[in-house]
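Survey of secondary and tertiary structure
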Amino acid sequence: MSHKASISTTQAEYIPWERHPAAEELPKGTAFKTVYLNVGMVIYVLLCAGGIVLADRYTTANAVHQCSKLEEAQWPVFLDWLFDLEYARIGLPAPDAVFFLDMKPEVSQKLMTGRYHGEEAKKDIHEKDVAYLTRSRTAALYCTERLGWQHVRCDDGAEPLPIPQIHETILNRVLELL
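These figures come from a predicted structure and were not determined experimentally. Here the residue numbering is sequential within each chain, running from 1 through the sequence in written order. Owing to the predicted nature of the model, reporting of local features is limited to residues with pLDDT of at least 70; listing and counting of side-chain atom pairs is limited to 80 or more, with chain, interface and lining totals taken over all residues. Excluding hydrogens and water, the side-chain values take into account all heavy atoms of the structure.

Take the packing of aromatic side chains next. To pair, rings of Phe, Tyr and Trp, with the six-membered ring standing in for Trp, must have centres within 6.5 Å; the planes then decide the type, stacked if under 30 degrees apart, edge-to-face if over 60, and tilted in the middle. As enumerated under the stated definition, the model contains 3 aromatic pairs in all. Between Phe83 and Tyr87 the ring centres are 5.3 Å apart and the planes differ by 5 degrees, which places this aromatic pair in the stacked class. Here the residue Phe83 and the residue Tyr87 both occupy positions in helix H3 (residues 75-89), the gap between them amounting to 4 residues, near one helical turn. Segments assigned H or I by DSSP are reported as helices when at least four residues long, segments assigned E as strands when at least two residues long, and all are numbered from the N terminus.

Like charges within 9 Å and nonpolar side chains (Val, Leu, Ile, Met, Phe, Trp, Tyr) within 5 Å are joined into patches, using only residues over 30% in relative accessible area that form no salt bridge. Accessible surface area values rest on a Shrake-Rupley calculation with a 1.4 Å probe, where residue burial reflects the displayed protein chains alone. For this document, the term salt bridge refers to a Lys or Arg side-chain nitrogen within 4 Å of an Asp or Glu carboxyl oxygen. Together, Ile52, Leu54, Leu171, Leu175 and Leu178 give the surface a local cluster of nonpolar side chains, amounting to about 590 Å² of exposed area. Turning to its location among the elements, Leu175 is positioned in helix H6 (residues 163-177).

Bringing the side chain of Glu127 into the picture now. For Glu127, the position within the fold is in the loop between helix H4 (105-115) and helix H5 (130-147). Any two residues having at least one pair of non-hydrogen atoms within 4.5 Å are treated as being in contact. Beyond its immediate stretch of four places on either side in the chain, Glu127 contacts Gln109, Met112, Arg115, Tyr116, Lys122 and Leu133.

Here the focus is unusual backbone geometry. Even without being glycine, His117 reaches a positive phi, approximately 50 degrees. By the secondary structure assignment, His117 is in the loop between H4 and H5. The exposure class of His117 is exposed, given its relative accessible area of 68%. Summary of the burial criterion: residues with accessible area below 20% of their type's maximum are buried, those above 50% are exposed, and those between are partly exposed, where the area comes from a 1.4 Å probe applied to protein chains only.

Looking now at the packing of helix H2 (residues 59-67) against H5. When two helices pack together, their arrangement is given by the angle between their axes and by how far apart the axes lie. A fitted line through C-alpha atoms represents every axis, and for helices the fit uses only the stretch in contact; the resulting angles, taken between N-to-C directions, go from 0 to 180 degrees. At a closest axis distance of 8 Å, the pairing of H2 and H5 adopts a crossing angle of 125 degrees. Viewed along their axes, H2 and H5 adopt a mutual orientation that is oblique. Taken as a pair, H2 and H5 cross one another with a handedness that is right-handed. In this structure, H2 uses Val64, His65 and Cys67 to contact H5, whose residues at the interface are Tyr132, Ser136, Ala139, Ala140 and Cys143. Angles are sorted into four bins: roughly parallel if under 35 degrees, roughly antiparallel if over 145, roughly perpendicular if 65 to 115, and oblique for all others. What makes a crossing left-handed is the near helix being turned counterclockwise from the far one by less than a right angle; a clockwise turn instead makes it right-handed.

Below, the structure written as structure tokens:
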């Protein structure tokens, strides 16, 4: 999807929550509304000015996280609902490309053990839940296939790939898309 829009559209058209199609679907007065409107507006303005926006953990990360909590049969309906809410109703710009940086949970566990110097108790609730990490990876692989995301391997099956190699892979794919 190409983000071509008129910069002449006033900020005021994007700020008042009452004008947003999703206004009646979400609780009044939530911080959610303000954050999403502000983030969406900033991204929109940057894109209108010809900018490139790189986001870590955008709507797509939420898709993976939430799918991991659902039965696989529910994933297609949930994803349709989520992206309709986020992009069509709230008005967040849909990404032109999504990169899934794929590392097997058993490999990421080795990295985290090293990060915490063997103190497993320092891992947060998600980091220590290997079943959750496995479900999340499965959900991300599903989303990658269904939604046409870029799949970037970050391990060789047993060990992490060198960061410069991962960087080069991502950079080359980004350059191909520009």
